[in-house]
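Single-letter residue listing:
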Amino acid sequence: MAAMMLCTCSGDQSKFEEMPRSPESLATRDFSASASCSRTGNRETTPDDSQVNEVESDLRETLSLNYEEARALLGRLEYQRGNFDAALQVLQGIDIRSLKPRMTTAITESAKPRVSPRSSRRKTSQVNGMLVHMSMHSVSLLLEAILLKAKSLESLGRVTDAAEECRTIIDIVESAWPSGVPEGTSEECKLIDMFHSALEYLPNLWMRSGCFEEAIIAYRRALARPWNLDSQRSANLQKDLAVTLLYCGIEEKSTQEFNQQQNMEVWKSTPYDKVKSLHKLEMEAWLDLASIYTKIESWHDSNICLDKAESINSFSSKCWHVKGLILEAQSLHQEALAAFSFSLSINPDYVPSMVCMAGILRNIGGKSLPISRTFLRNAIRLEPTNHKAWLGLGLVSKSEGLPLEAADCFKAAYELRELSPIQDFSEQLPILLQ
Amino acid sequence: MSSDAPQPIQSPKAAADSLAAILGGALPDSLAAADDPAPALLHDDGVARAVAGRLRGAGSGAGHDALCGWLYGTFQSGIPALQLAVLRFVPTLAGVYMSRAVSRKPLAGFEAVILTLYAHAVAQRGAGEAETVALPNMANPSVYHEAVKPAAAAAAAAAKPAKAADPDPDVVAELSPALEPHGTMRATRRARIVGAVLELYHGKLALMPLSSKMDFCEFCVAWSGKHGNDKPRGASASARSPEGGEEKWRRVPLPWELFQPVLRIVGHCLLGPANSDELRTQAARAAQCLYLRAMETMDARAVLACRSLIRLSQMVEEPIPEPSFNAVEANMADLEAMRANILSAKN
C-alpha cells in the first residue's frame, strides 16, 4: 500500500504486484536501480526474456525516479522544519547529473501538443506501457529539490556552493528552451515560478560571495531571453546589472576588452548545438574560400584560409580534403595522397576524398589501377549520382583497356553532370534555416 | 613649500615612519610592525581619524602644513598602494578646502596636494582628453533585444541591392570634458580642478574604505547647505568630530563641474555593493540634500540626475519568492522511515 501511494504514476497495476508491501521497503531498499530489480525475483509465469527485460527496465526507471521523488519530498520536509543539514544530506542523494538530460527532454516535450489528452493527467507519460518522458510533475519536484538544496547550502553559509546548485536549474531549463519560454506555455506552471526564482536568486548569491563576474553573467542570462519575467522583476534585474557593472571595480576594463567579453558571453549563453552549427558554417566558409584561392593558384592565401578552418576544428574530413586539393594543385601528389588518406581515416565514407584519391592513383597507374577502381566503386555505391566518380571510373576503365565500360561510364557522367545543380546547398541548408 | 619640505618618500615604510613623526604619537601595531604598511595606511580607522582630525583642525592647510607635505610626498612616490592611501583622504581634503576657499585663509598646503592630484588626473587621461562614453544605438540589435526598424526604413532597405546593413552609429556622449594642465589654483578654475580630483577618487571608489565614503557623504550634506531642511540629526555635519564647537562646514558653490562628480560618488555609495546600511542612509540623505539644492537653481541636468538617483534607490526589491509548498502527497510513515535510514547511514 505504501509503495502504491508514491507509485501511482505508472497506472499499470500489474507491475506492482511483485513489489514487497512492507513500509520499510522504501527505507531499506538500496538506492541503486539494480538492487530494486532483485526483489522482483519470483514470478509465477515466465514470459520470454525480451518481455521480462522490458518490464524490468520500465520498473527500474519508474521506481528509481520515484525514489528520487521521495528524496525530494523528504528534503522539502526537512527544509520546512528548518533542518538544513538533514535536508542537504537527503537532497544530495539525488543524482541530478544523470537525470539532467531526461529533465531537459521532458521540458522540451511538454511544450509540444500532447498525443493523447488523457496522458496529461497521469504522472508519467506512458505509451504502450513504455516510459516515454518524465512527467512535468516529476521535473518540478526535482527542480524544487535543487532549489531547496541551494537554499540549504545558503543557510549553512556555503554561498558559492549554493550558487553552483542554483545554476543547474537554469542550465536545465535553458537547454530545453534555448529561445526563451515558448509561446502558449501555461503561466501557472510551477516550474516556471521556480525558474524565475532561480533566475533572480543566482546573481544575488554570486554578489554575496563576491564573484562579480559570475553575477554579471547570471544577470545577462536572466535578461537575454524572453523568460516572461514580470516587468518589475525585470526592471530590478536590469538595475542590478547596471549597478554591478558601474560600481564593482570592473570599470577599469577597456571598451574593447568589455566587448570581447560580451562576445564570449554570447557564445556561453548560446546553447551548445547552436554554437556547433555556427562553427560549422564558419568553417565551411573558410574552406570554400580556400578552394577559390586554390583555383586561382594563390597558395599562400588558400593556406591562410585553411588554417582558419583548422583552428575551428582540425579533426574534419573536409579540412584535410581541401588541404589535399591545395597540395594536388601544386603538383605535390604524394603529399596530397597523404592528406586524402587522413580525410578518409576520419570519415571512411567521405566521397570527395575517395574520388580524389582515385584520381591520383590512376595517374600513378600500373598496380594502383585496381585500387583506384575500388575507391571509385565505393564512392558510387555511396553516391550513385556523383558525376565525378563516374568520370573517374570511366578514365580508369580506359586505362585498363576496357573501352566499352569506359564509354558507359562517360555517358553516365555526362548525363549526371547536366542534371546536377550549379551549387549544392544540401549541406548548408539546415544551418541557413536556423 | 617651505624649507622644511619633507624628504621624498620612497617606500611604504618611509611613509609610515614619516607620518608617525608628524602625528607625534605611537602608530598602531598594524602600521608599526608590518613589512608593507600601505594597506594599513589605507584601512586603519585610528590612523584615518587622527589624520582627518588634523586636516579639519583650525589653521590646517597652510603652506608649511606638515601633514599636507606628507600627503604630497606620499602621492608623488608613485607607489600605487600609497597613492590609494592618499586618495582615501580626498573627501576631507576637498571638503575642508572648498568650505574655506571663500574665506581669505592661506590654503597653499591644501592647494599643493589638490594640484598634484589634478596633474595625475590629467596624465591618466592621456594628456587630459575628454572622458567619453558611447551610448549604444537602440536601433541596433543587442544580446537583450531585437531591433525593430521603422517600416519606412525597412522598405527602403529592401529596395536597395542586397548588402549587409551598416549598423546605426552609436551616440558618443561626453562624460567629462577635457582637462587642461594647471599649475596654480584660481577661483575660476577651482570647481573644475576639484571636480577632476573627485573623478579620480571616484575611479578608485571600489577600493576605498567605508569611513572614507561616509566622510564624503557628510561633506555633501554640508556643501548643499540644505542640512537644515532635512530631518534633524541632532547637530550639523561637524558633530562627527571629537571636539564640539568645530567650525561649521559651509555651503559652497556647486556648478555642474563639481555637482556631477559629487553625484556620481553619491550614486556609488547609495547603490553600490558596500552592504552597509549606515552608508546607504548617509548617501540617501546626501542625495536628498543635493536634490533640494538643485531645485534652488533649477539646473535641469542636476534636478534630473538627483531625481533619477533617488528613484532608483527607492526601487523596492521584492524578496525572491519561496517555492510554494503544496500538501505533501506521500505516506508520512514511509518518509519518516526513509529519513531515519538516510540520516543514520550518514552517506
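Rules used throughout
- Residues numbered from 1 in each chain as written.
- Chains lettered and ligands numbered in written order.
- Predicted model: local features only at pLDDT ≥ 70, side-chain atom pairs only at ≥ 80, totals over all residues.
- Heavy atoms only, no water.
- Helix = DSSP H or I, 4+ residues; strand = E, 2+ residues; numbered from the N terminus.
- Buried < 20%, exposed > 50% of the residue type's maximum accessible area, 1.4 Å probe, protein only.
- Contact = heavy atoms within 4.5 Å.
- Areas by Shrake-Rupley, 256 points an atom, 1.4 Å probe, with all protein chains shown as cover.
- Phe/Tyr/Trp six-rings, centres within 6.5 Å; stacked < 30°, edge-to-face > 60°.
- Expected span 1.5 Å × (residues − 1).
- Arc of directions from axis to C-beta.
- Axes fitted to C-alpha atoms, helices over the stretch in contact; angles between N-to-C directions.
- Parallel < 35°, antiparallel > 145°, perpendicular 65-115°, else oblique.
- Left-handed = near helix turned anticlockwise from the far one by under 90°.
- Nonpolar A, V, L, I, M, F, W, Y, C, P; charged D, E, K, R; others polar.
- Salt bridge = Lys/Arg side-chain N within 4 Å of Asp/Glu carboxyl O.
- pLDDT = per-residue confidence, 0-100.
- Patch = residues over 30% accessible without salt bridge, like charges linked within 9 Å, V, L, I, M, F, W, Y side chains within 5 Å.
- Core = buried A, V, L, I, M, F, W, Y, C linked by side-chain atoms within 4.5 Å.

*Asks:* How should I be thinking about the overall build of chain B in this particular structure?
*Replies:* Per the secondary structure count, chain B includes 15 helices and two strands. By the burial criterion, 44% of the 347 residues in chain B qualify as buried. Intrachain contacts of chain B at a sequence separation of at least 6 include 76% that bridge at least 24 residues. Working note: accessible area of chain B is about 17,600 Å², and carbon and sulfur atoms make up 57% of it.

*Asks:* Explain the overall build of chain A to me, please; I cannot follow it from the model alone.
*Replies:* Assigned secondary structure in chain A consists of 21 helices and two strands. The buried share among the 434 residues of chain A stands at 46%. Look at the contacts in chain A between residues 6 or more apart in sequence, and 61% of them connect residues 24 or more apart.

*Asks:* Help me out: how do you make sense of the packing of aromatic side chains in this one?
*Replies:* The geometry of an aromatic ring pair comes down to the distance between the two centres and the angle between the two planes. Residue and element names in this part refer to chain B. Scanning all chains against the criterion turns up five aromatic pairs over all chains. When the ring of Tyr201 is compared with that of Phe216, the centres are 6.1 Å apart and the planes differ by 35°; the resulting orientation is tilted. Taken as a pair, Tyr201 in helix α10 (residues 190-203) and Phe216 in helix α11 (residues 210-224) lie far apart in primary sequence, 15 residues in all. Grouping residues by exposure puts Tyr201 and Phe216 together as buried. When the ring of Trp256 is compared with that of Phe259, the centres are 6.2 Å apart and the planes differ by 20°; the resulting orientation is stacked. With Trp256 and Phe259 both in helix α12 (residues 256-271), this residue pair falls three residues apart, about one helical turn. Given the relative accessible area of 3%, Phe259 is considered buried.

*Asks:* How should I be thinking about helix α16 (residues 333-346) of chain A in this particular structure?
*Replies:* For the α-helix, the turn length of 3.6 residues means that residues three or four positions removed from each other point alike. All names here are of chain A. Between its terminal C-alpha atoms α16 stretches 20 Å, which fits the 20 Å expected from 14 residues at 1.5 Å a residue. Buried within α16 we find Ala336, Leu337, Ala339, Phe340, Ser343 and Leu344. The buried residues of α16 occupy one face: seen down the axis, they fall within an arc of 165°. For α16, the exposed residues lying more than 90 degrees away from the buried face are Gln334 and Ser345. The inward-facing, buried residues of α16 contact α15 (317-329), α17 (351-364) and α18 (368-382).

*Asks:* I keep staring at unusual backbone geometry and nothing clicks. Help me out?
*Replies:* A negative phi holds for most residues other than glycine; trans holds for most peptide bonds. For Asn228(A), which is not glycine, the phi torsion reads 60° and is therefore positive. Tracing the backbone through its elements, the reader meets Asn228(A) in the loop between α10 (212-223) and α11 (231-247). Among the residues examined, Asn228(A) registers a relative accessible area of 38% and is labelled partly exposed. Even without a glycine there, the phi angle at Met298(B) is positive, about 55°. Summarising the element assignment, Met298(B) is placed in the loop between α13 (277-297) and α14 (300-313).

*Asks:* What is the right way to look at the packing of helix α5 (residues 84-91) of chain A against helix α7 (residues 136-155) of chain A in this model?
*Replies:* When two helices pack together, their arrangement is given by the angle between the helix axes and the distance between those axes. Residue and element names in this part refer to chain A. Interaxial distance between α5 and α7 falls to 9 Å at its minimum, and their mutual angle equals 140°. By the criterion of interaxial angle, the relationship of α5 to α7 is oblique. As α5 runs across α7, the sense of the crossing is left-handed. Contacts between α5 and α7 involve Phe84, Ala87, Leu88 and Leu91 from the first element and Ala145, Leu148, Lys149, Ser152, Leu153 and Ser155 from the second. Taken together, the residues of the contact of α5 with α7 sort by class into seven nonpolar, two polar and one charged.

*Asks:* Got a minute to help me understand the pattern of salt bridges in this structure?
*Replies:* Where charged atoms of side chains with opposite charge meet at close range, the side chains can pair. Residues and elements named next belong to chain A. Per the stated rule, a full pass over the model turns up 25 salt bridges over all chains. Linking Arg373 and Glu405 is a salt bridge whose minimum nitrogen-to-oxygen distance equals 3.0 Å. Here the residue Arg373 occupies a position in helix α18, and Glu405 occupies one in helix α20 (residues 403-419), the gap between them amounting to 32 residues. In this structure Arg373 comes out as buried when scored by relative accessible area, which is 14%.

*Asks:* I tried to follow the side chain of Ser99(B) on my own but got confused; where do I start?
*Replies:* All names here are of chain B. Turning to its location among the elements, Ser99 is positioned in helix α7 (residues 90-101). The buried category is assigned to Ser99, whose relative accessible area is 4%. Look past the residues within four positions of Ser99 in its chain and what remains in contact with it is Trp223, Trp249, Arg250 and Val252.

*Asks:* Honestly, α11(A) in this entry has me stumped. Any pointers?
*Replies:* With 17 residues, α11(A) extends 24 Å between its outermost C-alpha atoms, agreeing within 8% with the 24 Å of an ideal straight helix rising 1.5 Å per residue. Where α11(A) is buried, its residues contact α9 (190-208) and α10 of chain A together with α12 and α14 of chain B.

*Asks:* Which parts of the structure should I look at to understand the confidence of the model for chain A?
*Replies:* In low-pLDDT segments, the atomic positions of the prediction should not be examined closely. Residues and elements named next belong to chain A. Mean pLDDT over chain A works out to 77, with 71% of the residues at or above the 70 mark. Taken as a whole, residues 1-47 scores under 50 in pLDDT and shows 63 contacts with residues more than four places along the chain or in a different chain. Overall, residues 251-262 carries pLDDT values under 50, and its contacts beyond four positions in sequence, including any with other chains, amount to twelve contacts.

*Asks:* When you look at a nonpolar patch on the surface in this model, what are you seeing that I'm missing?
*Replies:* Together, Val133(B), Leu135(B) and Val171(B) give the surface a local cluster of nonpolar side chains, amounting to about 230 Å² of exposed area. Within the element layout of this structure, Val171(B) appears in strand β2 (residues 171-176).

*Asks:* What should I look at first to understand the packing of helix α8 (residues 159-176) of chain A against α9(A) in this one?
*Replies:* Residue and element names in this part refer to chain A. Interhelical geometry of α8 versus α9 gives an angle of 145° and a closest axis separation of 9 Å. For the pair α8 and α9, the crossing hand works out as left-handed. Taken together, the residues of α9 that come into contact with α8 (itself represented by Val159, Thr160, Ala162, Ala163, Glu164, Cys166, Arg167, Ile169, Ile170 and Val173) are Phe195, Ala198, Leu199, Tyr201, Leu202, Leu205, Trp206 and Arg208. Looking at side-chain class alone, the contact of α8 with α9 contains 14 nonpolar, one polar and three charged residues.

*Asks:* Before we go on, may I ask you to explain the nonpolar core in this structure?
*Replies:* Across soluble globular proteins, nonpolar side chains have a tendency to be buried as a group. Residues Tyr97(B), Leu117(B), Leu198(B), Trp223(B), Val266(B) and Leu290(B) are the most contacted members of the largest nonpolar core, which totals 90 residues. Per element, the largest residue contribution to this core is nine residues, and it comes from α12(B). Among residues more than four places away in sequence, those in contact with Val266(B) are Phe216(B), Cys220(B), Ala283(B), Ala286(B), Ala287(B), Leu290(B) and Leu309(B). Judged by nonpolar contacts, the second largest core, of 64 residues, contains Leu88(A), Ile107(A), Val173(A) and Leu237(A).

*Asks:* Help me understand the environment of Pro177(B), please; the structure alone is not making it clear to me.
*Replies:* Residue and element names in this part refer to chain B. Mapped onto the elements, Pro177 comes out in the loop between β2 and α10. Each C-alpha atom, one on Pro177 and one on Glu131, is 6.3 Å from the other, the two residues being 46 residues apart in sequence. Leaving out residues up to four positions away in the same chain, Pro177 has contacts with Arg125, Ala130 and Arg192.

*Asks:* Can you help me understand the environment of Ser372(A) in this one?
*Replies:* All names here are of chain A. In this structure, Ser372 sits in helix α18. Judged by relative accessible area, Ser372 falls into the buried class, the value being 0%. The spacing of Ser372 and Gly359 is 13 residues in sequence and 7.2 Å in space, taken between C-alpha atoms. Not counting residues within four places of it along the chain, the set of residues in contact with Ser372 comprises Ala358, Leu361, Arg362 and Val396.

*Asks:* Help me out: how do you make sense of the environment of Pro384(A) in this one?
*Replies:* All names here are of chain A. Tracing the backbone through its elements, the reader meets Pro384 in the loop between α18 and α19 (387-399). Remark: the alpha-carbon pair of Pro384 and Leu416, spanning 32 residues in sequence, is separated by 9.6 Å. Residues in contact with Pro384, not counting those within four places in the same chain, are Trp390 and Leu416.

*Asks:* Explanation requested: the confidence of the model for chain B in the structure shown.
*Replies:* Across chain B, pLDDT averages 82, with 80% of residues at or above 70. Scored below 50 in pLDDT, residues 231-245 of chain B makes 13 contacts in the model with residues more than four places away or belonging to other chains.

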